[in-house]
Every structure is written in structure tokens, then in C-alpha cells.
Amino acid sequence: MGLLVEGVWHDQWYDTKTSKGEFVRSEAQFRNWITADGSAGQTGDAGFQAEAGRYHLYVSLACPWAHRTLIVRELKGLTDMISVDVVDPLMLEQGWALSGDFAAATGDSLFGYSYLHQIYTRDQPDYTGRVTVPVLWDKKLNRIVSNESSEIIRMFNTAFDHLGAREGSFYPQALQTDIDSVNSWIYDKVNNGVYRAGFATSQEAYTKAVTSLFDSLDRIEAILSSNRYLIGEHFTEADIRLFTTLVRFDPVYVTHFKCDLRRISDYPAISGYLREIYQMEGIAETVNMEHIRHHYYRSHSMINPTGVISIGAEFDLTAAHGRDSL
Ligand SMILES: N[C@@H](CCC(=O)N[C@@H](CS)C(=O)NCC(=O)O)C(=O)O
């Protein structure tokens, strides 16, 4: 675990000293957008026109943020248009590695690099910042388009539609206000909340994060008790974003991140909802529990110095979900 400072790799854990033990996630720095016609998107440069075969994703199968991009790529039918490399599950002294030495890890098919930080410095030799997944790479311009998953899924959602992507939007115009509002508290308290609990280095910071996490899961349980999805009957990107956290919750976050007030299996509506999404066509193939469990338990040595992987609670994702009646 580490970061680049002016293009040089430094092995260091997150600094929580200046934030009273709170984990504060840094902003992603590459914020260009692929668009249908190559015009500039909401931020960044123009010139990233949607083209089949031009773009490449670097993901970790362990990472909930990268997982979102894999799901939208799959559901939008973009698997033949956008290629993917999968990093090794363990993120150690050199950060994300590309040895390919683990089932389903691919190595780097573009450059044969050993570490993801080499992709960052290939684009920006003096880059300062964290080296995170996902990374969306442009094979034509040899540049990083984006390393922000929330924006990558929006590009996948529409930019390739005229090239034959599957129809339908996970962020339809009429629902955008509702989706944005749900995303904002779920991001802060749940998606990032588990990390704020797990990476806290003070009791106060941990208690604050874990309390708002479970208050929010209670709120989600109430919503899902009468609604099939977060936004009524519409399955949207808000559900995809929540799913990638939920599927890691009982197997990892409960024990490894000390999110142990309740388990997802204690929430009937959320459990059914998690199962339903897992069972949607194409989703189960994006879930790799080996990568997930190896990554967390073996990469965060300051949380789990022995590297022992817990046995994990039983939870059958393939059991009947019972959500049809909603
Ligand atoms: N804002 C980013 C966050 C991505 C992120 O933090 N990914 C984690 C893996 S789950 C990572 O690569 N962490 C490495 C690090 O922080 O050094 C996004 O949503 O794309």
C-alpha cells in the first residue's frame, strides 16, 4: 500500500494523524469523459470519442468501486468493446500488482508492467497521488481517461449506445434527482462508511462511522421493505452501487472492518434484494469471492497482521430471493 509522489513510489499506509483518526478518501484526479462524439464531458479534456476496441479497464475483482464498472460493462453489453485486465488480489508494498499469478488475475496485457503505478506514470510521469482501481485507459492516445468509478459507469451507460451497446439506461433523465440524492448518503455512510469504520484509527472515528453505517442500513431496510429497488420499481445505478458493498459485507466487512452490529443476513429485505441482484443475468460472473476475501484479509497488515482469512458466515446468494411480490 502506498502512493506516488512526483512519479516516485512510496510505501506508506493512509495518514489519519491529521484527521483525528478518521480515514479521508482522496479525490480521483483523472476526470475526462468518453462521449459519443468526442466532445468534452462534464470535466476534463475533449478527444475521448466512443469507439469499439479503443478503451481498456484495469480492475481489481476485490474492489467494490471497480466492481461497479464491471457490472455496467456487462449489463450494457460492452464486453467485446472494452477490454479488461485484472490485478492480483493482494495489494502489498508496491500497491496493486499485475503478476497474473492468481486464478482470474490477468497481468498487464497492454504493456507487460508489473505494477499499476507504472500505468499512472506512463501517462503522467510526475503524478502525485494514490494509485487506485478502476482505471480506464485509452489505447489510442495512451492516456488515462478516468480513475473515478462513479463517472466511468455513467460513460458506459450512454456513450456507446450508438455503437450497439444494450438499450436502456441505469441513470434515466426522469430519475436523476432521486438517484443523486440516494447515492449521496449511501456513498458517504455505506459504500465509504465501511472503509471509514475499518480504517479508523481512533475510537471516536470508528464509532461515528459504524453508527451512521447501521443507521443507514436500517433506513435501507425500511425502503426495501416496500420498494423492490432503491428508486421504487426501477433498477438503477443506485442499486448497482449499493450491491457491490452488500455482497462484501458479511464475508468481509463484518469481521475485517469491525462492522459487526448486525449482518446483512439479519436484514430480511436487504438479504432478498442482494440475492435478487446477484441472480440477475451476468452479475454472478462479476463476483469473485476468492479475490475479495484474499485481498482484504491479506493486504491490510495493519488491521490483520497475521493474514489469516476468516471462515466467513454462511449466506447463500443463490437461494430464492422472494422479491417478485413487490
Ligand atoms: N474514487 C475512486 C476510489 C477507488 C478506490 O479507492 N479503489 C481502491 C480499491 S477498493 C484502491 O485502489 N485503493 C488503493 C489506495 O488507496 O492506495 C473510485 O470510486 O473509482
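For the structure itself, consult the block above.
Please read these numbers as outputs of a predicted model, since none were measured by experiment.

Draft legend 1. Examining the sheet that holds strand β7 (residues 129-130) more closely. With antiparallel pairing, 3 strands are arranged side by side in an open sheet as β2-β1-β7. Strands with a single pairing partner mark the edges of an open sheet, and in this sheet they are β2 (8-11) and β7. The sheet contact formed by strand β1 (residues 2-5) and β7 spans 2 bridges and is antiparallel. The residue bridging Leu4 from the neighbouring strand is Gly129, located in β7.

Draft legend 2. Broad picture of the nonpolar core. Core analysis: the biggest nonpolar cluster contains 88 residues, and Tyr58, Val59, Val87, Leu116, Val133, Ala197 and Ile270 have the highest contact counts within it. With 10 residues, helix α7 (residues 237-256) is the single largest residue contributor to this core. The residue makeup of this core includes at least three contributed by each of domain 1 (2-163) and domain 2 (174-299). Every residue in contact with Tyr58, bar those within four places of it in the chain, is listed here: Asp85, Val87, Leu116, Ile119, Val133, Pro134, Val135 and Trp137.

Draft legend 3. How the structure looks around helix α8 (residues 268-279). Here α8 spans 17 Å end to end across 12 residues, near enough to the 16 Å set by a 1.5 Å rise per residue. Every buried residue belonging to α8 is among Ile270, Ser271, Gly272, Tyr273, Leu274, Arg275, Glu276 and Ile277, and all of these are buried. Buried residues along α8 sit in contact with α6 (203-226) and α7.

Cut-offs applied
- Residues numbered from 1 in each chain as written.
- Predicted model: local features only at pLDDT ≥ 70, side-chain atom pairs only at ≥ 80, totals over all residues.
- Pairing = 2+ DSSP bridges.
- Helix = DSSP H or I, 4+ residues; strand = E, 2+ residues; numbered from the N terminus.
- Core = buried A, V, L, I, M, F, W, Y, C linked by C-beta atoms within 7 Å.
- Buried ≥ 20, exposed ≤ 12 C-beta atoms within 10 Å, placed from the backbone.
- Domains from an automatic or database assignment.
- Contact = placed C-beta atoms within 7 Å.
- Expected span 1.5 Å × (residues − 1).

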